[in-house]
Every structure is written in C-alpha cells, then in structure tokens.
Amino acid sequence: MKLLVKHVAIVALFFSSVLTVNAFPGFFSSNNEQKVTTESGNCRIYNPYAKTTKHSLKGQMHCHTINSDGKLTPLELCKRYQSIGFDFMTITDHEYITPEPEGNELIWIGNSYENTNGKTATTTAANYAHICVYDTDSMLLAPNFTKYRSYKTINEVQQFHEVERNEMINLCHPNWDGFYLPDSTMLNCNGNLSFVECWNDGAANDSMKLRSCCRGWDLFLSRGLRVYSLGVDDYHSGNSIGEGWVEVNTNSKNKKSIMSSLEKGNYVAANGKLGVNPIAIKMIQLKRNVISVQIEAPATIRFIGKNGQVLKQENSVTASNYAITGNELYVRVEVWSGVYAKWLQPYFIEKI
Ligand SMILES: [Zn+2]
Ligand SMILES: [Zn+2]
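Calculation criteria
- Residues numbered from 1 in each chain as written.
- Chains lettered and ligands numbered in written order.
- Predicted model: local features only at pLDDT ≥ 70, side-chain atom pairs only at ≥ 80, totals over all residues.
- Heavy atoms only, no water.
- Donors = N, O, S within 2.8 Å, 3.2 Å for Na, K, Ca; no water.
- Tetrahedral: all angles 85-135°; square planar, octahedral: opposite > 155°, others 65-115°.
- Helix = DSSP H or I, 4+ residues; strand = E, 2+ residues; numbered from the N terminus.
- Buried < 20%, exposed > 50% of the residue type's maximum accessible area, 1.4 Å probe, protein only.
- Pairing = 2+ DSSP bridges.
- Axes fitted to C-alpha atoms, helices over the stretch in contact; angles between N-to-C directions.
- Contact = heavy atoms within 4.5 Å.
- Core = buried A, V, L, I, M, F, W, Y, C linked by side-chain atoms within 4.5 Å.
- Phe/Tyr/Trp six-rings, centres within 6.5 Å; stacked < 30°, edge-to-face > 60°.
- Lys NZ or Arg CZ within 6 Å of the ring centre and 35° of its normal.

**Student:** For this particular structure, what's the right way to read the coordination of the zinc ion (ligand 2)?
**Tutor:** Tetrahedral metal sites with four donors have an ideal angle of 109.5 degrees; octahedral sites with six donors have ideal angles of 90 or 180 degrees. Bound to the zinc ion (ligand 2) on the protein side are H62 (NE2), H64 (NE2), E114 (OE) and D234 (OD), at distances that span 2.0 to 2.3 Å. Coordination at the zinc ion (ligand 2) is irregular: its four donor atoms span angles of 80 to 168° at the metal. If you list the donors of the zinc ion (ligand 2) from N- to C-terminus, the spacing comes out as H-x1-H-x49-E-x119-D. A spacing of 3.5 Å is found between the zinc ion (ligand 2) and the zinc ion (ligand 1), which share E114 as a donor. Here the residue E114 occupies a position in strand β6 (residues 113–115), and D234 occupies one in the loop between β10 (228–232) and β11 (244–250), the gap between them amounting to 120 residues. Each member of the pair E114 and D234 is classed as buried.

See below:
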C-alpha cells in the first residue's frame, strides 16, 4: 500500500491550458522539496533524490510464470532472479495474483498481477492497456478474481486500484508493437498511476528505439503529472532475464522501505544483460538550482524537459550538470553507454 501523500499532480498551477486531469493537493508537502532562485524567479523543486540512503536494491516488477503465459514456476523464477543478484521482486501474471512462493529468499514486495482485460495482444483499441497492479489485496486472489475482470478502460482500472484501493499501478509497455498505445490513449488517461514503463525488454525485439518507451512517460510528465518510470523484463521464458529492472535507494532492506522509495521516486530504472549495466552512478545532487550527475566511466549524460526536449547533452563525460531555469516543468536525466541506459526520476519544478 502506498502513503496517502502520493498521487499528486502539478497541474493547473503550471498550465492553464493543460488537459483535463485530476488535481491532487499537497504535491509539495514532503521534505523532498527545495525552494530556489532561478533566472525566471523563485521556484520550488521536488527532488526525488533528496534523501541519502545506505542501499541500492535491484528489483523486478514485471514478470510471468506458469500461472499465465510464462514457462517457469514462481519459485524457479525467484531463484533465477536471486542467481543474478536481484534483491527484491514481485510476480505479475495476467489476471492472476501469484502469491509469494514458499522457499523464496528475495524481498517480496507484495502480491501483484497484470490487468489485461483478457486482451494479451493485437488490440489497439483506445483507452485499453496492460496495467500491473502492485501489492494488491489477497481478496482478489483466484478463483474469485473473475468478477474484477469487468474493469475495462485504463481510467476504470486506475479508479478501482490506484484511487479507491490506494494501490500502485504501472502502465505497461506503451510502445509494444503488438499493443501500441496511441498518444491519444495516454492523453485521455486521467493519470492516476504511479508508473509508466520506460524499458520493457519483452515488449519489442525489432529496434532499440521502440523498446525504449520514454515518449509515453514524457506525455504524462508534460501534462504536469507526477509519474515515475520502471525498467522491467516482462520475462516469460529463455535467457532474456535481468534485462530491465529498477535500483531502489533505501535505508533498510525490507518491503516498506522499498515501497516508500518507489513512491518518492528515489530510484533509477535500468536495462542490461543478466542484471549487469556498465553505468555506475557515483553522485546525483541538486544544489540550489543545479542538478549534477557524476558517473564512474565516460558515457552520455542527457537532461530532458517538457515534451521530451533535450535541454543539454554531453558525450563521453564522467560528470555533467544543468542549471534549472524555472520554465522546464520537469527535468529528468538519462545516462547512456552504447545500448545501455539508466533513467533517473524527474525533478518537478513549480514557480512560486
Ligand atoms: Zn503486457
Ligand atoms: Zn507482462
């Protein structure tokens, strides 16, 4: 379950022309906010990385077992993730809530499932999507689950799980070529969601461009919505395991700390091979209005703002920084080394 402080959107405060979305009060109520002076005046900046933490925990938040269309049993899947250095996981079978298997030694972040409304592929109908629901109530466990299948559209799924039940949900693979979500779907969606995937390894195999789906994420962020992003495997079978994940900053190695950091955006999304990504981030800092990033080995560091616009990019560097002007709405950072990336969560900017 997530804290009530979540679900907040920097909405009409910023854009009178913004699309119709629900406004949530109290967005800047946490101690992650910082008042700064920029060239365009005073701002409040929400800094997801404000809190220093002891651990970086690697986790999988989208994967399948024999309880839907995966090939491994739940315990086999947990053991595979354990063998490649993961710290936590959950399982997201289609329309089936797989409970923690006996013998699992990874941190279990609750029982989850992937809501597909029975549509596993091929539909491009507007306002439908695959949505992972995390740490959801055991009352939904099969076989009584069928009565909940009547929730059809993204907004209905959001209403039931994220709004009424206060559960975190993730809009899956918005750019999967077998289930491509048009921009209109994401613009019609009311934005009551915690995450949208920026990397789904199972979604498409034709091009890296298709597989990195930040277009959907930037559409939500550009509406002033606070939505974070996940890297995931969407693992079903074979050796393509550990190719998308999240690294969550926590002080304790338990579910509560992980969920709390996920809610605050205090984590990084990553892709890689067998759980390995060559990019090591040494430091992420917001000092006054300047975001600084340091990495171990030279790579490309990119700062991105509203509508996915690249605000600054430096290649083959081990450090870069960006001074917030106050007009960005949000700034997020991507670090790229060849085909591997780490996606930082956004800094949200409000003029005051
Ligand atoms: Zn799916
Ligand atoms: Zn899936």
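Once you've had a look at it, read on.
**Student:** How should the coordination of the zinc ion (ligand 1) be read in this particular structure?
**Tutor:** Surrounding the zinc ion (ligand 1) are the protein donor atoms E114 (OE), H130 (ND1) and H173 (NE2), which sit 2.0 to 2.2 Å from the metal. Between the donor residues of the zinc ion (ligand 1), the gaps in sequence give the motif E-x15-H-x42-H.

**Student:** Explanation requested: the sheet that holds strand β8 (residues 168–171) in the structure shown.
**Tutor:** Backbone hydrogen bonds are what pair the strands of a sheet, in a parallel or an antiparallel way. Pairing is mixed in the open sheet, where five strands are placed in the order β6-β7-β8-β9-β10. Of all the strands in the sheet, the pair left with one neighbour each is β6 and β10. Within this sheet the neighbouring strands show an average axis-to-axis angle of 35°, counted without direction. Sheet topology places β8 next to strand β9 (residues 195–200); two bridges connect them, and they run parallel. Of the residues in β9, the one forming a bridge with L171 is V196. Packed onto the sheet, helix α5 (residues 214–222) meets β8, β9 and β10 and runs at close to 160° relative to β9.

**Student:** Could you clarify how one ought to interpret the nonpolar core in this entry?
**Tutor:** Nonpolar side chains tend to gather and get buried jointly when the protein is soluble and globular. Judged by nonpolar contacts, the single largest core of 50 residues is most densely connected at M61, F88, L171, F195, F220, L262 and W343. Sorting elements by how many residues they give to this core places α5 first, with five residues. Apart from the residues within four sequence positions on either side, F220 is in contact with L171, M186, C189, G191, L193, V196, L225 and V227. By size, the runner-up hydrophobic cluster in this structure holds 22 residues, among which are L286, V293, I324 and V333.

**Student:** Looking at this structure, I do not really get helix α2 (residues 154–164). What am I missing?
**Tutor:** Residue pairs three or four apart in sequence face the same way in an α-helix, which turns once every 3.6 residues. I154, V157, Q158, F160, H161 and E162 are the residues of α2 that are buried. Where α2 is buried, its residues contact β6, β7 (131–134), β8 and α3 (183–188). Looking one or two residues past α2, N166 carries a phi angle of roughly 60°, positive in sign.

**Student:** I'm lost on the packing of aromatic side chains in this one. Help?
**Tutor:** Enumeration over the complete set of coordinates arrives at eleven aromatic pairs. Here Y46 and F348 contribute two aromatic rings whose centre-to-centre distance is 6.2 Å and whose plane-to-plane angle is 45°, an arrangement assigned as tilted. Taken together, the residues Y46 in strand β2 (residues 41–46) and F348 in strand β18 (residues 347–351) connect sequence positions 302 residues apart. We note that Y46, like F348, is buried. In this structure an aromatic cluster arises from ring pairing among Y46, Y134, F195, Y228, Y267 and F348. Over the aromatic face of W245 sits the side chain of K58, whose NZ or CZ is 5.1 Å from the ring centroid.

**Student:** Even after reading the chapter, I still don't get the environment of M283, so can you show me in this structure?
**Tutor:** Within the secondary structure layout, M283 lies in strand β13 (residues 281–287). Under the relative-accessibility criterion, M283 is labelled partly exposed at 23%. Considered as a pair, M283 and V293 are ten residues apart in the sequence and their alpha carbons are 5.6 Å apart. In this view, M283 contacts S292, V293 and Q294; residues no more than four positions away in its chain are not counted.

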